[in-house]
Structures are given as C-alpha cells and as structure tokens.
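# Residue-level structure breakdown
The residues making up each chain are set out below.
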Amino acid sequence: IGVSPSRRVFQRWFLYPPDKTPHFHPNETTLAWLQHTYPTLPPAERPLECTLHPGEVLYFPDRWWHATLNLDTSVFISTFLG
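The text that follows walks through the structure, step by step, so that each part is easy to find. Worth saying up front: this structure is predicted, and the values here are computed from it rather than measured.

Scoring rules and cut-offs
- Residues numbered from 1 in each chain as written.
- Predicted model: local features only at pLDDT ≥ 70, side-chain atom pairs only at ≥ 80, totals over all residues.
- Heavy atoms only, no water.
- Helix = DSSP H or I, 4+ residues; strand = E, 2+ residues; numbered from the N terminus.
- Buried < 20%, exposed > 50% of the residue type's maximum accessible area, 1.4 Å probe, protein only.
- Contact = heavy atoms within 4.5 Å.
- Areas by Shrake-Rupley, 256 points an atom, 1.4 Å probe, with all protein chains shown as cover.
- Phe/Tyr/Trp six-rings, centres within 6.5 Å; stacked < 30°, edge-to-face > 60°.

Turning to the overall build of the protein, a few remarks are in order. What the protein contains, in helices and strands, is 1 helix and 6 strands. Helices and strands in the protein line up, N terminus first, as β-β-α-β-β-β-β. Put simply, the protein has 82 residues, and 28% of those count as buried. Long-range pairs, those at least 24 residues apart, make up 79% of the contacts in the protein between residues at least 6 apart in sequence. In the form shown here, the protein has an accessible surface area of approximately 5,600 Å², with 57% of it arising from carbon and sulfur atoms.

Locating Glu45 in the fold gives a position in the loop between helix H1 (30-36) and strand S3 (48-52). On the accessibility criterion, Glu45 (35% relative accessible area) is partly exposed. Counting along the chain gives 25 residues from Glu45 to Lys20, while the straight-line C-alpha distance between them is 8.4 Å. In this structure Glu45 touches Tyr16, Lys20 and His23, once residues within four positions along its chain are discounted.

The next thing to look at is the packing of aromatic side chains. Scanning all chains against the criterion turns up 6 aromatic pairs. On the basis of an interplanar angle of 75° and a centroid distance of 5.8 Å, the ring pair of Tyr16 and Phe24 is categorised as edge-to-face. By relative accessible area, Tyr16 is classed as buried at 2%. An aromatic cluster of at least three residues, connected via ring pairs, comprises Phe14, Tyr16, Phe24, Trp33 and Tyr38.

The structure is reproduced here in structure tokens:
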C-alpha cells in the first residue's frame, strides 16, 4: 500500500496497475521518460494520471507501478504500509 502526502508541492503522478508493465527505464528520470517515451505510447498503453495538489493525499494499492514528477521545488516523503 502506498500513501503519498503532498505538502506545498504540485506533483504529477503516473500509475499502472500490476497487470500492465510500464515502459519505465531504471536509469532514466521521470522527466526524460515524459519527454521521450510517453509521447510514443499508444493511448491504450498510457498510464493513469493525476496531479496532486498541496494538502492532498494519494493512496495507491500494493504492487501498482508509479512514477512522479515534481512540478515545483519540493521535499517529498513517501510511506509504504504493509
């Protein structure tokens, strides 16, 4: 289980359910992925997306793939429960 509180920062989140393997490269930043890989993905292969605003909390289930892009200067702490 993932819980991500947002404090004074805007974050763009990209989420894939466990049964869909994302096209993330472990040595590539989220920004590089967004600029290079994301535009080439067919609509059916694109992740679920949301923008987390200050004060909001995002919950995502266990085993969901995810990537984040901070849209402003930030300090970020994530917690995994389970």
